[in-house]
Amino acid sequence: MNQRTDTASNANAADIPVTGEELVETYPSYREEADVSLVDLPGRPAETVASETVLQPDLAGPLDHDLYSHQAAALEALADDENVCVATSTASGKTLVYALQIARNYLTAEREGEESTAYVCYPTKALSRDQERELNDLFDDLGLEIDVAVYDGDTERGEPRKRIRAEADVVISNFAGVNTYLHDHDRWARFFSACDLLVIDESHTYTGVHGMHVAWILRRLKRVLGYYGSDPKFVLTSATIGNPGVHSSALIDEPVTVVDEDGSPQGPRDLVLWNPSMRTGDEENGSDVEGGDGKDATSDDATAAASASGASDDDPPERLPATIEAPQVFSHLTYHDAQTLLFTPSRKLAELSIERAGEHRRRRSRYYTNPDRNTALEPYHAGHSRKKRHGTEHQLKNGLLDGVASTNALELGINVGAMDATVQMGYPGQRQSFWQQIGRAGRGERRALSVLVAEHRTLDQYVVSHPEFLLESDVEDAVVDVDNDAVFAQHVRCAADELAIDERDVGEFADRERLEGALEMWRRAGQVRGRLETGVSYTGPPRPQSSISLYATAGQEYEVRLAEGVDEEYDPEMEPLARERVFRDFHEGAVRLHAGQQYEVCAVDHDAPQPSVTVRPTNVDYYTQTRSEVTILDAESEKSREINDTGFDLHYGTGTVLVYHGTYDKVAVHGGKPKDQAIPTDNPPLQMETQLCWLEVPQDAERHLVEEYREYSVPELESEADLEAIPHIGYVGGLHAAEHAMIGVAPLELTLDKRDLGGLSTLTIDSHLAMDRESTDETQSAAPNAGDDRAPRSIEAARATVRQLANSLEREPASGWFIYDGIEGGLGFSRAIYDEFEALAKRAREHVTDCDCGRIDGCPACVMDEQCGNDNMPLHRGAAVDVFDRLLGEGESLEDADVERSERERRPPLFYS
């Protein structure tokens, strides 16, 4: 929490062991000039405010430094009784804001003979322990006897917990804990009745499903605090995001003052955007190759993507994956005295990266003549014990480690001191996360080096091809949508358990219609009784809070069990699985990797009161890959608009998405070739009512593009679907590629994981929409309503349903694509895409156009997607660019493009997910 306000000398500012240019010059592998971009980021001096102008003397005196301007602004807003969101850079001293506010509240209460408490919520247990030490140290320095304690699942039960509830001034926890502890709020009466401050640290991390749950937990917490007479102020600390005010207000349901003018100092930085070198063949063997040990989950994805691309010996050579090259760059930097953090996307890769860093030096012994030099390298992730994590943090702070390969646990503000360099194994998904990770190096005004090693995928290749994207002032918006009724209903049930719901909750907790609807549902289920006029109480099974999974919208989760007779040492100790993941990845016969061990799924029980997946350890030379296909029915438009006066109509609404995980393949770990294909899973479709948006292409643009690309064919599709005589394959390949590209670049504008989105490109959008009232009863019965058990059992039956609906239309249907939220009830992402559609389309067009793969059907870096349910067929990059050009108003005029179509060429009801 200590901060520097002195100015470093120019000599010290430039004194880093390896500069960006030196890294490129000394790295022992030939690099094409186009593979590396060097960006010089200038530093800035601190902007400070004298602490005595903001703080009372008994705080300003013991504080041995001035405040940064943003700290002073936030404290002044809090003094004016405002909620505050501090959205500034990594290591900018955000913690000091709420620490000093806690101190101010404590001193005020002490003078009045009262108590003042604060509830501080962090996203991880590791961060909680780290901040407990930081806060205690600060309050000791200030001469204040403020009792700070962590209360979470690791806190010893019995007397230690009782003491914290009875005595602590500051309680540090997480939202999984808060959700649980609200059931026993009477035990917290002393603490809650004196609560003056609620702190939400790293608030930008609460998005999507997780953000929805946190928003409702906060609303429940506010109800309980109000019951005890408290009305605390909020401090939210956030990385730089595009909408900190909107996002913060959505979380806490109150107005928020945003402080985002960063007054902390920042040293200059060498930023290196690094595309891995081409494979040479000698990386194909040994532990240095991804999946070389047969036990790396990432190899499944990488190999599957390569297989899906249809790559052959005639294709251009592939680049090394970042999972190989990033550990090598990490090893190189530490060899040259740069203390370095390597960020990896998984625990397994954090462990493997340490092995690969050492192997890189041994294999390059002619360059690394002393391979044991600076080899104090360690992994770091939440799977390690608390003692081991703290040991690693201590060694980093004291310079005893040369480097650490970490998951994003070290992204979230844990104090590990000033590092020389960071390496990122792939683009982390959002600019705010990118800047937060690289901010771990070069604290204060020290110069730093940061290297982004790109993966061969859409986001990464866009970023390294467009360095200016990272430097834009606009950062992604964080999306929290509290409109999901499935999540809302779960929290209504919990709220009724904590305190009876009555008229006072109308408008405060939710509007009357929504509240009464949820209560009526639970009343019919026999879990609540009473009316709003007199109070609605919970009468269901004990502790409904325990049924909430903060990462799923529905309560149903599957336990993972070890098969009978298997030694307990093989117990995978996996977290419960969401139903969607069980259908996709844990069907009977599936082979999954967990903690370095392969497991085969030998049984799935969907119908038991506690659904379960039973697994047993195995050691086979293949992994399984489930084939997934999607269709959409009964989509209803709630909002519509025309794009750029081009005739393209955009809609937002809800619909029924049917996901078929009907078959799976066994794929060889080495080489990625199929060993057995299309094995039935016997799974019914997953059916969800969710939010979606869709684009309708105008008829003239479609006719022109069908004619333009009528000669394109995909032999694999022709043989399977008898499509030889249909001229639409090139055009629908363009729609399919455009849909992939839109989903691929969505994280460039919004804080989301593209795996939370799905898409469907179709030649007959109208057959996926809710039928008009004039439709016949026979046609209506072909399309199930949400929750209807008559949903087509197989993808073949779904195609037949769509065909029947299409053939019944009297008008010519439109073509286009859908993008939908992949969670029951939706996440708000489709609505955000609807609002930002033009910006996303522009990004997608740039990315598809700029890719240098040279393939008509694209590559994993532009339009191919490992999630594609149709094996990335058909795809057509050129047609996708033409669609985007016309959508953005940049295509050629179609006034003279009068293309007649015969009845034989009537648009077929094709759709591709």
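Right above here is the structure, for reference.
Note that the structure is predicted; figures quoted are calculated from it, not measured.

This paragraph deals with the environment of valine 657. Position of valine 657 among the secondary structure elements: in strand 26 (residues 648–668). A residue is classified by how much of its surface remains accessible, and valine 657, at 0% relative accessible area, is buried. In the structure, valine 657 is positioned 26 residues away from threonine 631 in sequence and 6.1 Å away in space, judged by C-alpha atoms. In contact with valine 657, other than residues within four places in its own chain, are Val630, Thr631, Ile632, Leu686, Gln687, Met688, Thr690, Leu692 and Tyr820.

Within helix 7 (residues 159–167) the residues assigned to the buried category are Arg161, Ile164 and Arg165. Projected down its long axis, helix 7 shows its buried positions confined to an angular sector of 95°, all on one face. Those residues of helix 7 that are exposed and aimed more than 90 degrees away from the buried face are Glu159 and Lys162. Of the surrounding elements, those touching the buried residues of helix 7 are strand 6 (148–150), strand 7 (170–173), helix 8 (175–181) and helix 9 (189–193).

As a further point, take the sheet that holds strand 4 (residues 84–87). Spatially, seven strands are ordered 6-7-5-8-9-4-10 in an open sheet, and the strand pairing comes out parallel. Each edge of the open sheet carries a strand with a single partner, namely strand 6 and strand 10 (257–259). Geometrically, the sheet is characterised by an average inter-axis angle of 20° between neighbouring strands, direction not taken into account. Bridging between strand 6 and strand 7 involves three bridges; their strand directions are parallel. Bridge pairing in strand 7 places alanine 149 opposite valine 171.

Right, let's get into the packing of aromatic side chains. Scanning all chains against the criterion turns up 23 aromatic pairs. With 6.2 Å between their ring centres and 45° between their planes, tyrosine 119 and phenylalanine 192 make a pair best called tilted. With a gap of 73 residues between them, tyrosine 119 in strand 5 (residues 117–121) and phenylalanine 192 in helix 9 connect regions that are remote in the sequence. We note that tyrosine 119, like phenylalanine 192, is buried.

In this fold, glutamate 472 is placed in the loop between helix 18 (467–471) and strand 17 (477–478). In this structure, the C-alpha to C-alpha distance between glutamate 472 and arginine 431, residues 41 residues apart in sequence, is 9.5 Å. Not counting residues up to four positions away in its chain, the partners in contact with glutamate 472 are Arg431 and Arg843.

Successive side chains on a regular strand alternate, one facing one side of the sheet and the next facing the other. Of all twelve residues making up strand 28 (residues 686–697), ten are buried, and the element is well covered by its neighbours. In this structure, strand 28 lies alongside strand 31 (residues 815–821), joined through six bridges in antiparallel fashion. Note that in strand 31 the partner of leucine 695 across the bridge is tryptophan 817.

It is worth spelling out the side chain of asparagine 683 at this point. Checked against the element boundaries, asparagine 683 lands in the loop between strand 27 (674–680) and strand 28. Of the polar contacts made by the side chain of asparagine 683, one reaches the backbone oxygen of phenylalanine 583; its length is 3.2 Å. Discounting chain neighbours no more than four positions away, the residues touching asparagine 683 are Phe583, His587, His606, His661 and Arg793.

The next thing to look at is the pairing of strand 20 (residues 557–562). The alternating pattern of strand 20 places Tyr558, Val560 and Leu562 on a buried face, while none of Glu557, Glu559 and Arg561, on the opposite face, is buried. Taken together, the two bridges between strand 20 and strand 21 (residues 577–578) define a ladder with antiparallel strand orientation. Bridge assignment links glutamate 557 to a residue of strand 21, and that residue is alanine 578. As paired elements, strand 20 and strand 24 (residues 612–618) share four bridges and run parallel to each other. The partner of valine 560 across the bridge, within strand 24, is valine 613.

Turning our eyes to something else, we now look at the sheet that holds strand 13 (residues 377–380). Taken in spatial order, the seven strands of this open sheet run 1-11-16-15-12-14-13, and their pairing is mixed. The open sheet has two free edges, formed respectively by strand 1 (36–41) and strand 13, since each of these has just one partner strand. Ignoring strand direction, the axes of neighbouring strands in this sheet form an average angle of 15°. As defined by bridge partners, strand 12 (residues 340–343) adjoins strand 15 (residues 421–425) across four bridges and the pair is classed as parallel. Residue pairing across strands places threonine 340 opposite alanine 421, the latter belonging to strand 15. With respect to the sheet, helix 14 (residues 347–363) is in contact with strand 12, strand 13, strand 14 (403–406) and strand 15, its orientation differing from that of strand 13 by roughly 170°.

Oppositely charged side chains may form a pair once their charged atoms are brought near each other. Under the defined criterion, the tally for this structure stands at 36 salt bridges. Note that aspartate 58 and arginine 111 form a salt bridge whose closest N and O atoms lie 3.9 Å from each other. Of this pair, aspartate 58 sits in helix 3 (residues 57–60) while arginine 111 sits in helix 5 (residues 94–111); the two residues are 53 residues apart in sequence, bridging distant segments of the chain. In this structure, arginine 710 and glutamate 707 form a salt bridge, with 3.2 Å as the shortest nitrogen-oxygen distance. Given the relative accessible area of 26%, arginine 710 is considered partly exposed.

This part takes up the environment of glutamate 82. Locating glutamate 82 in the fold gives a position in the loop between helix 4 (69–79) and strand 4. Overall, glutamate 82 belongs to the partly exposed group, its relative accessible area being 29%. Expressed as a C-alpha distance, the spacing of glutamate 82 and proline 255, which sit 173 residues apart in the sequence, is 8.1 Å. Those residues within four positions of glutamate 82 in sequence are excluded, and the remaining contacts are Ala77, Lys233 and Thr257. In terms of polar contacts, glutamate 82 uses its side chain to reach the side chain of threonine 257, at 2.7 Å.

Conventions used here
Residues numbered from 1 in each chain as written. Predicted model: local features only at pLDDT ≥ 70, side-chain atom pairs only at ≥ 80, totals over all residues. Heavy atoms only, no water. Helix = DSSP H or I, 4+ residues; strand = E, 2+ residues; numbered from the N terminus. Buried < 20%, exposed > 50% of the residue type's maximum accessible area, 1.4 Å probe, protein only. Contact = heavy atoms within 4.5 Å. Arc of directions from axis to C-beta. Pairing = 2+ DSSP bridges. Axes fitted to C-alpha atoms, helices over the stretch in contact; angles between N-to-C directions. Phe/Tyr/Trp six-rings, centres within 6.5 Å; stacked < 30°, edge-to-face > 60°. Polar contact = N/O pair within 3.5 Å; in protein donor to acceptor, adjacent residues only side chain to side chain. Salt bridge = Lys/Arg side-chain N within 4 Å of Asp/Glu carboxyl O.

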